[in-house]
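Geometric and topological summary
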Amino acid sequence: MNKQKRFWMRTIILAVLASAVVYVVYSSLTMDKEKSLDKGDEAPNFALTDLEGMKHVLDDYKGQGVFLNFWGTWCKPCEYEMPYIQSQYDQFKDKGVQVLAVNVNEADFVVEKFRDRHKLTFPIVIDKNNLVQQNYLIGNLPATYLIDKDGKVIDYTTGSLTEERIQQMMEQIQP
């Protein structure tokens, strides 16, 4: 690779990292970490597009349980739980439980690389304008909402999850 190509690659990588740092600082200053939607609340509807260009509308998943996970590629606890989410998705996807992984405003190519490296097959959507994140009162990542078949919030948790805990959560929302 010549010097000019290396310069531009390094510039892009630094820009992505700087964006992540700015986002973390901004979110820690502006978001109330103690708030979440209450159990029994109607889950706010949203429409986001996945990496293949398919539109996902939360209301379209009524009748199924939804494991709604907010995450970022730079978030080590998020990365830790992804293989467990994938494993349990494989177990529950034909039992009426859907996973929607909402990435918090990262570039498509960064998310695609992460998806491919971890061999993730569940739908990954990107919240490019942070509106879904704001509607769900997301502060710390990873954050997971459990939504029942009627579209109601039944649980909320932050922090990395074990595979056993993910299995228990999916059992909770299985119709």
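Details of the structure are given in the entry above.
Below you will find a few notes about this structure. This structure is a prediction, so every number in the text was calculated from the model and none was measured.

**Details of unusual backbone geometry**
Across the junction of Leu141 and Pro142, the peptide omega takes the value -10 degrees, indicating a cis bond. Tracing the sequence through the fold places Pro142 in the loop between helix H4 (131-135) and strand S6 (143-147). Its identity is not glycine, yet Lys119 carries a phi of approximately 55 degrees, on the positive side. Judged by relative accessible area, Lys119 falls into the exposed class, the value being 65%. We note that Leu137 has phi near 55 degrees; this positive angle belongs to a residue other than glycine. Mapped onto the elements of the fold, Leu137 is located in the loop between H4 and S6.

**Things to note about the packing of aromatic side chains**
Aromatic ring pairs are defined here through the distance separating the ring centres and the angle between the ring planes. Tallied over the full model, the rule gives 8 aromatic pairs. Aromatic side chains Trp71 and Phe114 sit 4.9 Å apart centroid to centroid with 35 degrees between the ring planes, which places their arrangement in the tilted category. In this pair, Trp71 is assigned in strand S3 (residues 65-71) and Phe114 in helix H3 (residues 108-118), connecting sequence segments 43 residues apart. Pair check on accessibility: Trp71 and Phe114 agree, each one buried. Relative to Tyr156, the ring of Tyr145 lies with its centre 4.4 Å away and its plane at 40 degrees, an arrangement referred to as tilted. Of this pair, Tyr145 sits in strand S6 while Tyr156 sits in strand S7 (residues 153-158), and the two are 11 residues apart along the sequence. Here the two residues Tyr145 and Tyr156 agree in accessibility, since each one is buried. The rings of Phe46, Phe70, Tyr136, Tyr145 and Tyr156 are connected pair by pair, giving a single aromatic cluster. Against the face of Phe92 rests Lys95, its NZ or CZ located 5.3 Å from the ring centre.

Criteria and thresholds
- Residues numbered from 1 in each chain as written.
- Predicted model: local features only at pLDDT ≥ 70, side-chain atom pairs only at ≥ 80, totals over all residues.
- Heavy atoms only, no water.
- Helix = DSSP H or I, 4+ residues; strand = E, 2+ residues; numbered from the N terminus.
- Buried < 20%, exposed > 50% of the residue type's maximum accessible area, 1.4 Å probe, protein only.
- Phe/Tyr/Trp six-rings, centres within 6.5 Å; stacked < 30°, edge-to-face > 60°.
- Lys NZ or Arg CZ within 6 Å of the ring centre and 35° of its normal.

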